[in-house]
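Commentary on secondary and tertiary structure
Letter by letter, the chains look like this.
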Amino acid sequence: MPFIPHTRDDVSAMLQSIGVSNVEELFSEIPSSIDRADLSAVPRGVTEMEMLRVLSERAKKDEVGPCFIGAGSYDHHIPAAVWDLASRGEFLTPYTPYQAEASQGTLQVLYEFQTMMSSLTAMDVANASVYDGGSGLAEAILMAVRCNRRNQSKKILICGAVNPFYIQAANTLVRGQGIELVQGDLSNGTYAIDLSEGEEVCAVVVQQPNFFGLLEDVDEICDWARTKNAMVVAVVNPMTLAVLKPPGEWGAEGADICSGDGQPLGVPMSSGGPSFGFLCTKLQHVRQLPGRIVGRTTDRAGSLGYTLTLQAREQHIRRAKATSNICTNQGLLVTAATIYMSIVGLRGLGNVASTCHSNTKYLVDKLCKSGLVKKTFVEPFFHECALDLSCDAQIVCDMLLRQEKILAGYALGRSFPEFQSSLLICATERRTQAEMDRFSETLLNACMSLARGQ
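About the thresholds
- Each chain has its residues counted from 1, following the order in which its sequence is written.
- The predicted origin of the model limits local features to residues at a pLDDT of at least 70 and limits the giving and counting of side-chain atom pairs to 80 or more, whereas totals for whole chains, interfaces and linings rest on all residues.
- Values shown for side chains rest on all heavy atoms present in the structure; no hydrogens or waters enter the calculation.
- Two strands are counted as paired when DSSP detects at least two bridges linking them.
- By definition, any uninterrupted DSSP run of H or I lasting at least four residues is a helix, any uninterrupted run of E lasting at least two residues is a strand, and each is numbered from the N terminus.
- When the centres of two rings from Phe, Tyr and Trp lie within 6.5 Å, Trp using its six-membered ring, the rings pair. Their planes under 30 degrees apart give stacked, over 60 give edge-to-face, and anything left gives tilted.
- A simple rule labels every residue: compare its accessible area, found with a 1.4 Å probe on the protein chains alone, to the largest value its type can have, and call it buried under 20%, exposed over 50%, or partly exposed in between.
- Any pair of nitrogen or oxygen atoms within 3.5 Å is treated as a polar contact; in protein, a donor-acceptor pairing is required on top of that, and neighbouring residues in sequence qualify only through side-chain atoms on both sides.
- Note on contacts: a residue pair is in contact if any heavy atoms of the two residues lie within 4.5 Å.
- Each axis is a line fitted through C-alpha atoms, taken for helices only over the stretch in contact, and angles between the N-to-C directions span 0 to 180 degrees.

1. A short note on the sheet that holds strand β13 (residues 422–426)
Reading across from one edge, β10-β11-β13-β12 is the order of the four strands in this open sheet, with antiparallel pairing throughout. Of all the strands in the sheet, the pair left with one neighbour each is β10 (374–375) and β12 (410–411). For strand β11 (residues 384–388) and β13, the ladder comprises five bridges, and the chain directions are antiparallel. Paired with C385 across the strands is I425, a residue of β13.

In structure tokens, the structure reads:
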């Protein structure tokens, strides 16, 4: 965005207004010992032309071919209108809508986003918003502990197939409050949650589809949790909810809290971020929902208006009563997601999700027919699938990136040492048949090359 500096007359007028003669006098309270930084180690500046040349060369190193990586961040098509609109100054510069009378546009966007997310997840209310999927899971766990008055345990049962990056982030944020995250049974090879009789837990966290792309039996898990007086925290990919059963309809009563990452909704991968997280819940838990809730109302003249209905943050209420001290609104990305959902609609989301599933199924079937690779798990998958390559998956990924500039997938050994030879792949709606055929051929060639010891 262009920056227009103040003119000398502007600066002089401002200094005169506050009663000082120059800028140095304005900062006179700063001790002289610290008012000058030692910049001797900073290299001399270069010309604009030289800077552009260097950065252009570096940018070329980031140019890659088709992406088959998922694992929480997905290469979806983003309609051009999404960021053409989201990048307008009205959306790009506002930070937070503290003054409703000056923030009606921002508030309406947040209201529309919350309405869409509530509908998509079949939950009563959504917030706007949290940083990402990991912090969203942490906030959901903290919320579950506050809400579950029938169960005083601070143990949270985590399905082993929940995104490991989310678990790491959540553990960092909740362990200081004495909350223990307990992994489910991982011994059965499916990474499905263990529903056997066990010790009391406050909440059960389940991801659908799970980190390996598999479909969990969420109805059974939800109903089992009810028998244990445990709350259910759902972790979802919002793109899949146009096809899969939403968490509000899981089991007899639905999940209590739903969290996830909104990156699939119009946010570019951008080498891993930024993104935004979301939280949805049932109406009876709304007072424990962190962040902001925007409401729609009418003023004295009967005109439609929007306002911050609930602000359970430490800036707005006593810190001892706040539900969160890290929660904020990723307003720009939420704006992009709202525009994206408005453009594609529910039918469009369903088409994207269905195409992702069919593309991944095509690619998996083609690879497995070769006999050189096989599925790591036999359970049904959605749009990600783990494949056993019978060789080190990370080495294969490095080979394809170096030789063909293909982002081959996520080597599961990076997070799960027992799956050193497994590669998690994803083919979104952006992948063409030609790209998938080329990927299949190069991947199989790389596996054969490693098998021959070359």
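Still more ground to cover, so stick around.
2. Details of the packing of aromatic side chains
With the rule as written, the count across this model stands at twelve aromatic pairs. Here the aromatic rings of Y111 and Y306 are separated by 5.3 Å at their centres, their planes lie at 55°, and the arrangement is tilted. Residue Y111 is located in helix α6 (residues 104–121), and its partner Y306 is located in strand β9 (residues 304–311); the two are separated by 195 residues in the primary sequence. Owing to a relative accessible area of 18%, Y111 belongs among the buried residues under this scheme. Look at F377 and F419: their rings are 5.5 Å apart centre to centre, the planes differ by 75°, and that puts the pair in the edge-to-face class.

3. Points about the side chain of Q207
The residue Q207 is located in strand β4 (residues 203–208) in this model. Judged by its relative accessible area of 10%, Q207 is buried. Within the local environment of Q207, its side chain forms a polar contact with the backbone nitrogen of N163, the two atoms lying 2.7 Å apart. Apart from residues lying up to four places away in sequence, Q207 is in contact with A161, V162, N163, E216 and V235.

4. Here we look at the side chain of T442
Inspection of the secondary structure puts T442 in helix α12 (residues 433–451). For T442, the side chain forms a polar contact with the main-chain oxygen of F439, separated by 3.0 Å. Ignoring any residue separated from it by four or fewer positions in sequence, one finds T442 in contact with L400, E404 and I406.

5. Some remarks on the sheet that holds strand β2 (residues 155–158)
If you walk across this open sheet you meet the seven strands as β1-β7-β6-β5-β4-β2-β3, and the pairing is mixed. Unpaired on one side and paired on the other, β1 (125–126) and β3 (180–183) mark the two borders of the sheet. Judged from the five bridges that link them, strand β6 (residues 257–261) and strand β7 (residues 277–281) form a sheet pairing that is antiparallel. Across the sheet, S259 pairs through a bridge with L279, a residue of β7. Each of β2, β4 and β5 (231–236) is contacted by helix α9 (residues 218–227), which is oriented at about 175° to β4, the strand it contacts most.

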